[in-house]
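One-letter residues, chain by chain:
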Amino acid sequence: MYHHTLRILLCCSDASLESSLRGSAPHPGFTHAITAAGANDLASLPALAEADIVLLDAPALEQLPAMRSSARAGALFVCVDAGAAGLDERHLCLLDEVWAGTSSAALCSFYLSRLLDRVRRQKDHDLAALQLNTAIDLTTDLVWFKDVKGEHVKVNQAFCRLVGKSREVIEGRGHYFIWDLEPEEYAQGEFVCHETDKIVMNSREVGVFDEAVKTPQGMRQFKTRKAPLINSDGGIIGTVGIAHDVTDIANMTAELDLVLQSIPYAVIILDAHRRIVNFNERFRTLFGIGPSDYIIGEPRQVLRQRASDRLGFVRSGKHVKMRSAVDGREKYIDMYEHEIFDIFNNVIGMICIYRDVTRQRQIERRLKQRADTDDLTGLFNRHYFFKNIPVTLPVGAGLAYIDLDNFKYVNDKFGHCTGDKALTLTAQILRKHLRNAVIARLGGDEFAAFFPNGCTEELLRRRAGDLLAAMVGAYDGHEAFRGLSASIGVTLVQLPGLSREDLVRRGDVAMYEAKRFGKRRYCFYSANHE
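Residues numbered from 1 in each chain as written. Predicted model: local features only at pLDDT ≥ 70, side-chain atom pairs only at ≥ 80, totals over all residues. Heavy atoms only, no water.

Participant: Lay out the overall build of the chain in plain terms, naming residues and giving numbers.
Facilitator: Across its full length, the chain holds 19 helices and 22 strands. Whereas a compact globule of 530 residues would reach a radius of gyration of roughly 24 Å, the chain reaches 52 Å, over 25% beyond that. Taking all 530 residues of the chain together, the buried fraction comes to 41%. Within the chain, counting contacts between residues at least 6 apart in sequence, those at least 24 apart form 51% of the total. When the accessible surface of the chain is totalled, it reaches about 28,800 Å², and 54% of it is carbon and sulfur. (Helix = DSSP H or I, 4+ residues; strand = E, 2+ residues; numbered from the N terminus. Rg over C-alpha atoms; globule rule 2.2 N^0.38 Å. Buried < 20%, exposed > 50% of the residue type's maximum accessible area, 1.4 Å probe, protein only. Contact = heavy atoms within 4.5 Å. Areas by Shrake-Rupley, 256 points an atom, 1.4 Å probe, with all protein chains shown as cover.)

Laid out in structure tokens, this is it:
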């Protein structure tokens, strides 16, 4: 990955050494630039300032301190003659290597090869360190390496920024110093950094943890991944950790949960695989989910099956019918489902809202019932009656048109309250004796009963007679109603094509014939009555 020109300065008179050096093959990634120098004023040589390796013999040792001062940092100084006169501690502390001698070509080649390997390893190490430092500084997550005692060996720039200290100050220091904590404060707080380090070292496995940390900006919450550092002998030498700051995400989740709980309907949030991610208290109440029931992560279908078994949950399109988990009463629910998309328009989940519309349905049913029903008697009204009779009638349909006799007299003499009771009693008698008919109060004291099919003249006459007898008997049982009776007009569809209006008109005609003949009777329609 790298290419380096290795600059070698020869400050010795050994021709065989120079020959061996020039004949040696560079390692991959290297080229050699060799400069030979005399023994005079070596410290001032321009090549010294750029040299990576300086090879010296005995005459050059006297200039070693000055040469070391003039050379660049990291340059290697090698004495090629260990038996040189005057080689003492003053020189040894300034030298990186001392060779026993270069008298033979094999020995010279051995020393040179070992020296070039040392340079290559150092360059590889420098490159690895550069790559590691660059990589860990790229991320905004915190990265650190610790030894087994918990001291920080290496940290990245994000770590330094968060704690407000430089690498030089942090590296080599422990948790308490870096985070400005006292041991007592750590023990009393919800801090677990030391404990999680021990967990991964003891388990020798990667661990994921939630850790709270005190920073100069206040308490922060981190999602932390830690792993043990294991050397080639299998021994634990420390840990490495990466921490992602989830404080804002945690706050956002808390805000989302607050919104979720404030919605006045039951709400559930699913992931892309339709597993349960979150829900509010109204959802818990609606479906009877107890405090010990943990449903996060469950497929929605499992919850639905449970609701079907326990609550009779039945879905039809966007509508749900079920029993209340609180009191067992029937509930009607409207369900709204909306997919959740990420910024790339991929479906990542779904929000489902369950709106209890039971009361609304009850009101709608009552309103519809009132629109179709007579308030006083509970029978159908004129509007519903005409709406539900076919426009053209089949053979075998029949009608009974009923009008009370002397109702005005009872109403005027005993009052409207008594009159209303008489009408209510009449409705009860009609329901009891005309069970298969559509019965309506057409207005005032007029009623009608429509028989959709299966009628004959004999059947209609019998039913009209039975009804009349029941009505007279009921009225005679009440002192105020004894003057009441009924006139009933009966008609039958005997030929196809008779209209609804003609059927009612014929019933009306027959009813007036019954009145004309003295009331308290029924009359079967005949064309002669027209």
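Participant: How would you summarise unusual backbone geometry if you had to cite specific residues and measurements?
Facilitator: Notably, Asn406 is not glycine yet its phi reads approximately 65°, a positive angle. Tracing the sequence through the fold places Asn406 in the loop between β18 (398-405) and α16 (407-414). At Arg520, a residue that is not glycine, the phi angle is positive and equals roughly 50°. Tracing the backbone through its elements, the reader meets Arg520 in the loop between α19 (500-516) and β22 (521-524). Take Arg520: its relative accessible area is 41%, and that puts it in the partly exposed class.

Participant: Just give me the short version of the packing of aromatic side chains, but keep the residues and values in it.
Facilitator: This model, assessed by the stated rule, comprises 11 aromatic pairs. Note on Phe283 and Phe287: the rings are 4.6 Å apart at their centroids and 35° apart in plane angle, and the pair reads as tilted. Each of the two residues, Phe283 as well as Phe287, counts as buried. An aromatic cluster is defined as three or more aromatic residues linked by ring pairs; in this entry it consists of Phe279, Phe283, Phe287, Phe313 and Tyr354. Positioned over the ring face of Phe177 is Arg173, at 3.7 Å from the centre of the ring. (Phe/Tyr/Trp six-rings, centres within 6.5 Å; stacked < 30°, edge-to-face > 60°. Lys NZ or Arg CZ within 6 Å of the ring centre and 35° of its normal.)

Participant: Please set out the packing of helix α17 (residues 416-433) against helix α18 (residues 457-476) residue by residue, giving values where relevant.
Facilitator: In contact at an axis separation of 10 Å, α17 and α18 are set at 145° when each is read in the N-to-C sense. Of the two possible hands of crossing, α17 and α18 adopt the one that is right-handed. Across the interface between the two elements, Leu425, Thr426, Ile429, Leu430 and His433 of α17 pack against Arg463, Leu467, Ala470, Met471, Ala474 and Tyr475 of α18. Partitioned by chemical class, the residues of the contact of α17 with α18 number eight nonpolar, two polar and one charged. (Axes fitted to C-alpha atoms, helices over the stretch in contact; angles between N-to-C directions. Left-handed = near helix turned anticlockwise from the far one by under 90°. Nonpolar A, V, L, I, M, F, W, Y, C, P; charged D, E, K, R; others polar.)

No statement about biological role is implied by the geometric values presented.
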